[in-house]
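So you can see what is in the structure, the chains are spelled out below.
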Amino acid sequence: MAELIGKIKNSNQKGFSTLEMLIAFAVLITTIVAAISVVFGNQSISADSQTNDEALYLAQQQLEDARALKANSSYDFIATSIPASVSFPYTKQLIVPDPPISDCLKQVISQVRWPMGNRQLKVETSTLLSNPQKVIDLGFDCNTVPPGPEDWKKPQDNLSTSDKIPGEGISIDADNKVVFLGSTISDAKNSEDFFVIDSADNQRVALKTGPLCKRLTGSDPDCGINALSTIKNDDSYYTFVAYSSKSQQLQVIKTTTDFVNSSVVAKATLYLVDRAGSYPQGVSIFYLKNRIYIATKETGGPEFHVFNVSNPEDPKEIAYKEINHNVNSIYVKEQNIGGVIKPIAYLALSATSDSAPELSVLDADAPDNPGVPVELPDPISSFNAAGKNQYGTSVYGLGNKLFLGRERGTSNPDLYVLDIKAPTVSPLPLLGSKVLGLNPNKKVSAIRATGNLVFLGTTDSNNPFSVWSIANLPAISLWNVCNVNFSAEVNGIDFDGGWIYAVVGQNGPFYIIKPTGATCPG
């Protein structure tokens, strides 16, 4: 019996050992599987991380190539997005948003995409590319401050100065927070019509006392500045003025950068314009690359004129063109025409019939010193919006887009966005439009833009300033959620240093509008 019991005991011990071995083996397998899973998981994480690093390196390298391209060739060489290229498993693309931030500053986005299982991954990096030459071409008058993602949702307007501007404030140009203002004078008083204000400390630092011309008789036009454009040249500012004069429509005011002196240094008469005819006064002006483009309302003789102002104190007319309409606003851009870079002028016109265009496009290229001004060729393109007697009143361009403002109509849009990549295409392709809801007999008086935001000044005192998004061109939408309403007609705006400067109507001050800070009512 003892022997039997001993055998049974030994048999049970063997059974327990086998069970223990099975349990231990299961635990070992579980541990191995867990360890393998962890190792494979680490390998996956490591692979993802390595792929991310490679993609980021490719994106950064693509940006460096873009910088080198810009440095070694041309800023405009990187004018548009570059088609995607594949370097397995990566797809690379360089994206240049249009419109850019300004004529001298653009954002460039480097994007790299790659598949990972069922996922599509990407990395993006971006930089800003500036163009010092364009800054010079624009007379150092170019915004270099990109807007933030929420900027201009709640713009805040600030009364810039308690001083009233005599007459009616018509035109404004800002350069690094130095503001140049022009007004018209409706009487024969020896009133001021040109002002220089340092908006950084809200002080009027210089002014031209007395009008540039005086009313000779009761039937003479009002004296004053209808439009102006200012450039910086060495130690001086030069302000080119479209003046309300019958015979000296272009005038040049020199202001020293220390703001001690301000004086008229040049006057010029528009070629072939009949001073006894209707509306011979200068009404619109634009500066680009040592050229002044100045125009009149419809008059006896040519309405559009080009001056060589490489020496600002000795302007010389080099070209002209009869338009047979009021030229209410001018924008000029250098563009490639048949392989040649030329200045292309976009003119906002009075449209007195259904067939008359609100916008005309001219090849404004002319010799530097032709001796006698040459006649420019006929328009190379145009745009005719629906409706008549809704004049084109303002025009502004940025990148490959042109913005045209009009007088308020019954149901037709007041704002148009046109494609100007190919300026010889006629009519210019329409990208989008918007009915702004202006009151009768009101107009879009001024336009500026940065990126996908468009700033509008209008003569509707109930809606003098607004910001619009063109991110979705078929459905242009109001961007600002706070109204900017200083109950005055806006005659001119400028965008400088990330701020909007607005000049308002009769005996009014001017306003600085900043991108943030307002508290919306309610």
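Procedures and definitions
- Residues numbered from 1 in each chain as written.
- Predicted model: local features only at pLDDT ≥ 70, side-chain atom pairs only at ≥ 80, totals over all residues.
- Heavy atoms only, no water.
- Phe/Tyr/Trp six-rings, centres within 6.5 Å; stacked < 30°, edge-to-face > 60°.
- Helix = DSSP H or I, 4+ residues; strand = E, 2+ residues; numbered from the N terminus.
- Pairing = 2+ DSSP bridges.
- Axes fitted to C-alpha atoms, helices over the stretch in contact; angles between N-to-C directions.
- Salt bridge = Lys/Arg side-chain N within 4 Å of Asp/Glu carboxyl O.
- Buried < 20%, exposed > 50% of the residue type's maximum accessible area, 1.4 Å probe, protein only.
- Polar contact = N/O pair within 3.5 Å; in protein donor to acceptor, adjacent residues only side chain to side chain.
- Contact = heavy atoms within 4.5 Å.
- Disulfide = S-S within 2.5 Å.
- pLDDT = per-residue confidence, 0-100.

Here we come to the packing of aromatic side chains. On inspection of all chains with the given rule, the structure shows 17 aromatic pairs. An angle of 15° between the planes, with centres 6.1 Å apart, marks the rings of Tyr237 and Phe259 as stacked. Taken together, the residues Tyr237 in strand β11 (residues 236-243) and Phe259 in the loop between β12 (250-256) and β13 (262-268) connect sequence positions 22 residues apart. When the centroid spacing of 6.4 Å and the interplanar angle of 35° are considered together, the rings of Tyr331 and Tyr346 count as tilted. In this pair, Tyr331 is assigned in strand β18 (residues 327-337) and Tyr346 in strand β19 (residues 340-349), connecting sequence segments 15 residues apart.

If you trace the four strands from one edge of the open sheet to the other, you get β18-β19-β20-β22, paired in antiparallel fashion. Edge strands, defined here as strands with exactly one partner in the open sheet, are β18 and β22 (381-383). Sheet twist, expressed as the mean angle between neighbouring strand axes with direction ignored, is 20°. When β18 meets β19, the two strands line up antiparallel, connected through ten bridges. Residue Glu334 lies in a different strand from β19, and its bridge partner there is Pro343.

On to the pattern of salt bridges, then. Throughout the structure, instances matching the rule amount to 13 salt bridges. One salt bridge in this structure joins Glu375 and Lys321, with 3.6 Å as the shortest N-O distance. Here Lys321 lies in strand β17 (residues 316-321) and Glu375 lies in strand β21 (residues 374-375), a separation of 54 residues in the sequence. Here Lys321 falls in the buried class, since its relative accessible area comes to 6%. Through salt bridges that share partners, Lys321, Glu375 and Asp378 make up one connected network.

Another point: the sheet that holds strand β29 (residues 465-469). If you trace the four strands from one edge of the open sheet to the other, you get β27-β28-β29-β30, paired in antiparallel fashion. Sheet topology places β27 (444-450) and β30 (477-478) at the edges, where each strand pairs with a single neighbour. Pairing of β27 with strand β28 (residues 453-458), which is carried by six bridges, proceeds in the antiparallel orientation. Of the residues in β28, the one forming a bridge with Ala449 is Val454.

Before going further, it helps to examine the side chain of Ser394. In this structure, Ser394 sits in strand β23 (residues 392-398). Polar contacts involving the side chain of Ser394 include one to the main-chain carbonyl oxygen of Val444, which spans 3.1 Å. Setting aside residues no more than four positions away along its own chain, Ser394 makes contact with Ser329, Ala348, Phe403, Leu404, Gly405, Val444, Ser445, Ala446 and Ile447.

In total, this model carries one disulfide according to the counting rule given. Each sulfur of the disulfide joining Cys104 and Cys142 lies 2.2 Å from the other. Its S-S torsion of approximately -115° makes the covalent link between Cys104 and Cys142 left-handed. Within this pair, whereas Cys104 is found in the loop between β2 (90-95) and β3 (105-116), its partner Cys142 is found in the loop between α2 (132-137) and β5 (156-159), the two being separated by 38 residues in sequence. Summarising the burial analysis for this pair, Cys104 and Cys142 share the class buried.

What follows concerns the confidence of the model for the protein. Model confidence for the protein is summarised by a mean pLDDT of 83, while 79% of its residues fall at 70 or above. Taken together, the stretch residues 25-45 has pLDDT below 50 and engages in zero contacts with residues farther than four places along the chain or on a different chain. Below pLDDT 50 for its whole length, residues 213-220 participates in 13 contacts with residues either more than four positions away or in separate chains.

For the rest of this paragraph, the subject is the pairing of strand β15 (residues 291-296). Where burial is concerned, most of β15 is hidden: six out of the six residues are buried. Side chains Arg291, Tyr293 and Ala295 project from β15 onto one buried face, and the interleaved Ile292, Ile294 and Thr296 project onto a second face that is buried too. Looking at chain direction, strand β14 (residues 282-288) and β15 are connected through six bridges and run antiparallel. Considered in β15, the bridge of Tyr287 is made with Ile292. Taking the residues between adjacent antiparallel strands as the criterion, β14 and β15 are bridged by two residues, where Lys289 takes a positive phi near 55°. Here β15 pairs with strand β16 (residues 304-308) via five bridges, running antiparallel. Across the sheet, residue Ala295 finds its bridge partner in β16, namely Phe304.

On the secondary structure map, Tyr320 appears in strand β17. Placed 48 residues apart in sequence, Tyr320 and Leu272 show a C-alpha to C-alpha distance of 9.0 Å. In contact with Tyr320, not counting residues within four places along its chain, are Tyr271, Leu272, Pro302, Phe304, His305, Pro373, Val374, Glu375 and Leu376.

Backbone torsion omega between Asp98 and Pro99 reads 5°, so that peptide bond is classified as cis. You can see Pro99 is positioned in the loop between β2 and β3. Cis geometry marks the peptide bond from Ser426 to Pro427, where omega comes out at -5°. Examined against the element boundaries, Pro427 turns out to sit in the loop between β25 (415-419) and β26 (430-434). Of note in this structure, Phe140 is not a glycine but carries a positive phi near 65°. Non-glycine residue Trp152 carries a positive phi angle of around 70°. With respect to the element layout, Trp152 can be found in the loop between α2 and β5. When its relative accessible area of 1% is taken as the criterion, Trp152 is described as buried.

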